[in-house]
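Listed below are the residues making up each chain.
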Amino acid sequence: MICFLTSSTVLPGTDELNPANGFLERLRLCMPKPCRAVFVCADPDGFARTDRFAASVKRSFEAAGFSFQSFLVLDRRTQNEAASLIAQANCLVLAGGHVPTQNRFFAQIGLKDCLSGFDGVLIGISAGSMNCASLVYAQPELQGEALDPTYERFLPGLGLTKQMLLPHYQMLKDETLDGLRLMEEITYPDSSGRSFLAMVDGSYLYLENGRETICGEAYRIENGVLSQLCVSGASTIV
């Protein structure tokens, strides 16, 4: 399995795949032909939003010259077919969305077990990338989550990477939630005894043959300290 764990696959405000940091070049080398894709949702009951997101992702790849023999959606409507859909696929796209909601759905359909024999290309987008970790950091996102003592910030994931990913760092670094600075007052304290990998849009974690490579601008947040791990246009094994 080859994995592209992205913050975002497209250029901001467009449906155009972002070529930065060798993303398109690597995709063109490894995307299967014919490509049988399955788009795994973030919200299993948000049918309209999932269909729009799936259509947008498909358009962006087709506009870049990729073609699909099939492009199927895996959500509540098809969850009973999860194992067979994934067995027949050679490309999986894990959607962005609310991390805990997607995490629960992945557990419900047994996605981790389904991936044990998967030998294709997996593309994660935002939450989809985050949920690929062995231990997922579900950074509070919705109003009330930062102050909710029952909100679980660490969840079991798919086990494809040891990195706890934080996408969209360029946007989140100045955000506030529930009256708290998202990074300085929530995420930095949560990194005590732990290590997070923060990526900006256009950067991605590339997994192949057991090697994990961060491509593009990225930062390490560890024990409350932020340090730059990689710069745009470069790559670093992590």
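One can find the structure itself at the top, above this paragraph.
Residues numbered from 1 in each chain as written. Predicted model: local features only at pLDDT ≥ 70, side-chain atom pairs only at ≥ 80, totals over all residues. Heavy atoms only, no water.

Asks: Explain the nonpolar core to me, please; I cannot follow it from the model alone.
Replies: Nonpolar side chains tend toward joint burial in soluble globular proteins. If you look at the biggest cluster of nonpolar residues, it comprises 54 residues, and the most contacted ones within it are L74 and L111. In this structure, L111 is in contact with I86, L94, F106 and L158, ignoring residues within four places of it in sequence. Among the nonpolar cores identified, the runner-up in size contains 30 residues, and I2, F71, C91 and A95 belong to it. (Core = buried A, V, L, I, M, F, W, Y, C linked by side-chain atoms within 4.5 Å. Buried < 20%, exposed > 50% of the residue type's maximum accessible area, 1.4 Å probe, protein only. Contact = heavy atoms within 4.5 Å.)

Asks: Which parts of the structure should I look at to understand the pairing of strand β4 (residues 91-94)?
Replies: The side chains of a regular strand alternate between the sheet's two faces. On β4, burial covers both faces: C91 and V93 on one face and L92 and L94 on the other are all buried. Across 4 bridges, β4 lies against strand β5 (residues 121-125) in parallel orientation. Paired with L94 across the two strands is G124, which belongs to β5. (Helix = DSSP H or I, 4+ residues; strand = E, 2+ residues; numbered from the N terminus. Pairing = 2+ DSSP bridges.)

Asks: Would you mind showing me how to read empty space enclosed by the protein here?
Replies: Any empty space left between the atoms is revealed when a probe the size of a water molecule rolls over them. Counted under the stated rule, the structure contains 1 cavity of 30 Å³ or more. Considered as a void within the structure, the largest cavity measures approximately 30 Å³ in volume. Residue lining of the largest cavity: T6, S8, N18, A20, F23, G202, S203 and Y204, and that is the complete set. Classifying every residue of the lining of the largest cavity gives 3 nonpolar, 5 polar and no charged. (1 Å grid on protein atoms, 1.4 Å probe; cavity = no way out; pocket = protein on both sides within 12 Å on 5 of 7 lines; lining within 4 Å. Points joined across faces, edges and corners; volume = space filled by probe spheres on them. Nonpolar A, V, L, I, M, F, W, Y, C, P; charged D, E, K, R; others polar.)

Asks: I keep staring at the pattern of salt bridges and nothing clicks. Help me out?
Replies: Here the idea is simple: oppositely charged side chains can pair when their charged atoms come close. Inspection of every chain in the model, using the stated rule, returns 8 salt bridges. Here R77 and D75 are joined by a salt bridge, their closest N and O atoms 2.7 Å apart. For D75, a relative accessible area of 0% corresponds to the buried category. Through salt bridges with shared partners, a single ionic network connects D51, D75 and R77. (Salt bridge = Lys/Arg side-chain N within 4 Å of Asp/Glu carboxyl O.)

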